[in-house]
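Analysis of the macromolecular model
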Amino acid sequence: MEYISSDTNVWLDFETINRLDYPFRLPYIYLMNNDAVQDELLSPPGLGERLKCLGLRETELTEEEFFLAEEYMERFAKPSIYDCVALAIAKIRGIILLTGDGPLRKAAKKEGVRVMGTIGIIDQLYETGKIDRQEYVCCLEDLLSQNGGKVRLPEKELIIRLSSAGDSHFE
């Protein structure tokens, strides 16, 4: 199993489309700093607990990760403290960063950290047969219908995938 350092927004995307369990079908262990779980996964109520029941693992920061997160706070203007913590965990541990946050993705790129987001997870689920074409299309359609509200994904990428998967109301 591969470890992934997790930000909050991807979980909110999957919660919004009522498929919170889908990422846990992949062979990943999702890590999130314990303070971030307590402070960021508050809404909707019980989200943090549900994620932990599904397999999200809370993790403590090492001293090195703590100081790197502080350094990131000074170097990068936009990411929040917990974004910087997730990035520091990914950087120090040499693992993927799970996020859809634009400024955090840019910071990760500068740091040479691999990034995956909601669309990447859904693509992997489909490509590995963890969901079928109909489920894939439904996920994409649901994300597209919620886009601009709670979900903030690149619309063009969703539409490209829908048109190549077929049977979409959005074609």
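Residues numbered from 1 in each chain as written. Predicted model: local features only at pLDDT ≥ 70, side-chain atom pairs only at ≥ 80, totals over all residues. Heavy atoms only, no water.

Secondary structure assignment for the chain yields nine helices and five strands. Expected size for 171 residues packed as a compact globule is a radius of gyration near 16 Å; at 16 Å, the chain falls within 12% of this value. Its C-alpha atoms give the chain principal-axis dimensions of roughly 50 × 30 × 30 Å. The proportion of buried residues among the 171 residues of the chain is 49%. Here the chain displays about 8800 Å² of accessible surface, and carbon together with sulfur accounts for 49% of that area. Placing the 20 positive and 30 negative side-chain charges of the chain at their respective mean positions leaves the two points 4 Å apart. (Helix = DSSP H or I, 4+ residues; strand = E, 2+ residues; numbered from the N terminus. Rg over C-alpha atoms; globule rule 2.2 N^0.38 Å. Buried < 20%, exposed > 50% of the residue type's maximum accessible area, 1.4 Å probe, protein only. Areas by Shrake-Rupley, 256 points an atom, 1.4 Å probe, with all protein chains shown as cover. Lys, Arg positive; Asp, Glu negative; His and termini not counted. Charge placed at Lys NZ, Arg CZ, Asp CG, Glu CD.)

Below, the discussion takes up the sheet that holds strand E4 (residues 96-98). Across the sheet, which stays open at both edges, the five strands sit in the order E3-E2-E1-E4-E5 with parallel pairing between neighbours. Each of the sheet's edge strands pairs with one partner strand only, and the pair in question is strand E3 (57-59) and strand E5 (115-116). Of the pairings in the sheet, the one linking strand E1 (residues 2-6) to E4 comprises three bridges and is parallel in character. Within the sheet, the bridge partner assigned to isoleucine 4 lies in E4 and is isoleucine 96. (Pairing = 2+ DSSP bridges.)

Moving on to the layout of surface pockets. In this structure, the largest pocket spans a volume of roughly 260 Å³. In terms of lining, the largest pocket is formed by Asp7, Thr8, Asn9, Leu12, Asp13, Glu40, Asp83, Gly100, Asp101, Gly102, Lys150 and Arg152. Looking at the lining of the largest pocket element by element, the count peaks at three residues for helix H1 (residues 9-16). Of the residues belonging to the lining of the largest pocket, the class tally is one nonpolar, four polar and seven charged. (1 Å grid on protein atoms, 1.4 Å probe; cavity = no way out; pocket = protein on both sides within 12 Å on 5 of 7 lines; lining within 4 Å. Points joined across faces, edges and corners; volume = space filled by probe spheres on them. Nonpolar A, V, L, I, M, F, W, Y, C, P; charged D, E, K, R; others polar.)

Contact pair helix H5 (residues 81-93) / helix H6 (residues 102-111): the axes reach a minimum separation of 11 Å and the direction vectors enclose 30°. By the angle between their directions, the pair H5 and H6 is classed as roughly parallel. Pair H5 / H6 crosses with right-handed handedness. Residues Asp83, Leu87 and Lys91 of H5 form the contact with H6, whose own contacting residues are Leu104, Ala107, Ala108 and Glu111. In terms of residue class, the contact of H5 with H6 is made up of four nonpolar, no polar and three charged. (Axes fitted to C-alpha atoms, helices over the stretch in contact; angles between N-to-C directions. Parallel < 35°, antiparallel > 145°, perpendicular 65-115°, else oblique. Left-handed = near helix turned anticlockwise from the far one by under 90°. Contact = heavy atoms within 4.5 Å.)

Here we take up empty space enclosed by the protein. A probe as big as a water molecule, rolled over the atoms, marks out the empty space that is left. Applying the stated criterion to the full structure yields one cavity of 30 Å³ or more. In this structure, the largest cavity occupies an estimated 30 Å³ of space. If you trace the largest cavity, you find it lined by Ser6, Asp7, Met32, Asn33, Ala36, Glu40, Tyr82, Val85 and Ala86. Looking at the lining of the largest cavity element by element, the count peaks at three residues for H5.

Our next topic: unusual backbone geometry. Its identity is not glycine, yet asparagine 18 carries a phi of approximately 55°, on the positive side. For asparagine 18, the location among the structural elements is in the loop between H1 and strand E2 (28-33).

Counted according to the given criterion, the structure contains seven aromatic pairs. The interplanar angle of 75° and the centroid separation of 5.4 Å between the aromatic rings of phenylalanine 66 and phenylalanine 67 together place this pair among those described as edge-to-face. Looking at phenylalanine 66, the relative accessible area reads 40%, which means it is partly exposed. Aromatic side chains tyrosine 126 and tyrosine 136 sit 4.2 Å apart centroid to centroid with 10° between the ring planes, which places their arrangement in the stacked category. Taken together, the residues tyrosine 126 in helix H7 (residues 118-127) and tyrosine 136 in helix H8 (residues 133-146) connect sequence positions ten residues apart. Accessibility expressed as a relative area gives 5% for tyrosine 136, which makes it buried. (Phe/Tyr/Trp six-rings, centres within 6.5 Å; stacked < 30°, edge-to-face > 60°.)

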